[in-house]
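# Chain and residue survey
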Amino acid sequence: RIISMNIRVGQGYDVHRLAEGRPFILGGLEIAHPVGPLGHSDADLVCHVLCDALLGAANLGNIGYHFSDKDPRWKGVASTLLLARVLEMVRENGYEVGNVDVTVVLQEPKLNPHIPAIKASLAAVMNVAEEDISLKATTSEHLGFVGRQEGIAAHCVALIYKK
Ligand code: MG
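This report concerns the structure included in the present document. (Residues numbered from 1 in each chain as written. Predicted model: local features only at pLDDT ≥ 70, side-chain atom pairs only at ≥ 80, totals over all residues. Heavy atoms only, no water.)

### Observations regarding the sheet that holds strand E5 (residues 95-105)
The strand order E4-E1-E7-E5-E6 describes an open sheet built from 5 strands, whose pairing is mixed. Both edges of this open sheet fall to strand E4 (35-37) and strand E6 (133-138), since each of them pairs with a single strand only. Taken over all neighbouring pairs, the strand axes of this sheet differ in orientation by 20° on average, direction set aside. Taken together, the 3 bridges between strand E1 (residues 7-20) and E4 define a ladder with antiparallel strand orientation. Along E4, the bridge assignment pairs Ala19 with Gly36. (Pairing = 2+ DSSP bridges. Helix = DSSP H or I, 4+ residues; strand = E, 2+ residues; numbered from the N terminus. Axes fitted to C-alpha atoms, helices over the stretch in contact; angles between N-to-C directions.)

The following block contains the structure:
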């Protein structure tokens, strides 16, 4: 599929500290792991970077502007709900998702076995075809805060087009 008109791109970046006793949820899928990302919401980094990349592409601000971590409404909320709301905003502004590409940077756990299930989860939340959702994982070669397993990071690029 080639989209020739009114294409916009956005990018997102997010980091969360890892803490004991927190669920490890990425893209709405919970993965068994002894530590999980700490945050005001469920700290689902994949959803957060998708929100920021899509909001950036539509020039609609950022995730913190729309879902403040000071707002009790978002305490412990599933970030899939935030992502679904961002998709509504993008579509209300006349855009549709072309494709998204997410990279998660983490030392453990190995994400590859979970990628098909996470993509299926995201496709359902976003109402976007799985073939338009790319999800990749990489380590940081044991360097830095990711390597020390103090935190995990994620990057995302999103393309949207005018309907
Ligand atoms: Mg975040």
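### With respect to the coordination of the magnesium ion
Within the protein, the atoms that donate to the magnesium ion are Asp14 (OD), His16 (NE2) and His48 (ND1), at distances of 2.0 to 2.2 Å. Counting the intervening residues between successive donors of the magnesium ion yields the motif D-x1-H-x31-H. One end of the pair, Asp14, is in strand E1; the other, His48, is in helix H1 (residues 45-57), with 34 residues separating them in the sequence. The exposure class of Asp14 is buried, given its relative accessible area of 16%. Take His48: its relative accessible area is 9%, and that puts it in the buried class. (Donors = N, O, S within 2.8 Å, 3.2 Å for Na, K, Ca; no water. Buried < 20%, exposed > 50% of the residue type's maximum accessible area, 1.4 Å probe, protein only.)

### Here we look at the environment of Leu135
For Leu135, the location among the structural elements is in strand E6. Residue classification places Leu135 among the buried positions, given a relative accessible area of 8%. Put simply, Leu135 and Leu122 are 13 residues apart on the chain and 10.0 Å apart in space, counted from C-alpha to C-alpha. Those residues in contact with Leu135 that lie beyond four places of it in its chain are Val46, Val102, Val104, Ile115, Ile118 and Lys119. (Contact = heavy atoms within 4.5 Å.)

### Observations concerning the nonpolar core
The biggest cluster of nonpolar side chains holds 46 residues, and the ones touching the most others in it are Leu26, Leu50, Leu54, Leu83, Val104, Leu122 and Met126. Those elements giving two or more residues to this core turn out to be strand E2 (24-26), H1, helix H3 (79-92), E5, helix H4 (115-126), E6 and strand E7 (151-162). Examining the composition of this core, we find that 10 residues originate from one element, H1, more than from any other. (Core = buried A, V, L, I, M, F, W, Y, C linked by side-chain atoms within 4.5 Å.)

### Remarks on the state of the cysteines
Inspection of the entire model under this criterion finds 0 disulfides. Cys156 forms no disulfide, and the closest cysteine sulfur to it belongs to Cys51, at a distance of 9.6 Å. Note on Cys156: relative accessible area 2%, which makes it buried. (Disulfide = S-S within 2.5 Å.)

### A short note on a nonpolar patch on the surface
Together, Ile7, Val9 and Val157 make up a nonpolar patch on the protein surface, roughly 250 Å² of accessible area in all. For Val9, the location among the structural elements is in strand E1. A relative accessible area of 57% means that Val9 is categorised as exposed. (Patch = residues over 30% accessible without salt bridge, like charges linked within 9 Å, V, L, I, M, F, W, Y side chains within 5 Å. Areas by Shrake-Rupley, 256 points an atom, 1.4 Å probe, with all protein chains shown as cover. Salt bridge = Lys/Arg side-chain N within 4 Å of Asp/Glu carboxyl O.)

### Quick look at the pairing of E7
With 11 bridges connecting them, E1 and E7 associate as antiparallel partners. From the neighbouring strand, Val15 faces E7, where its bridge partner is Ala153. The pairing of E5 with E7 spans 10 bridges and is antiparallel. Note that in E7 the partner of Thr103 across the bridge is His155.

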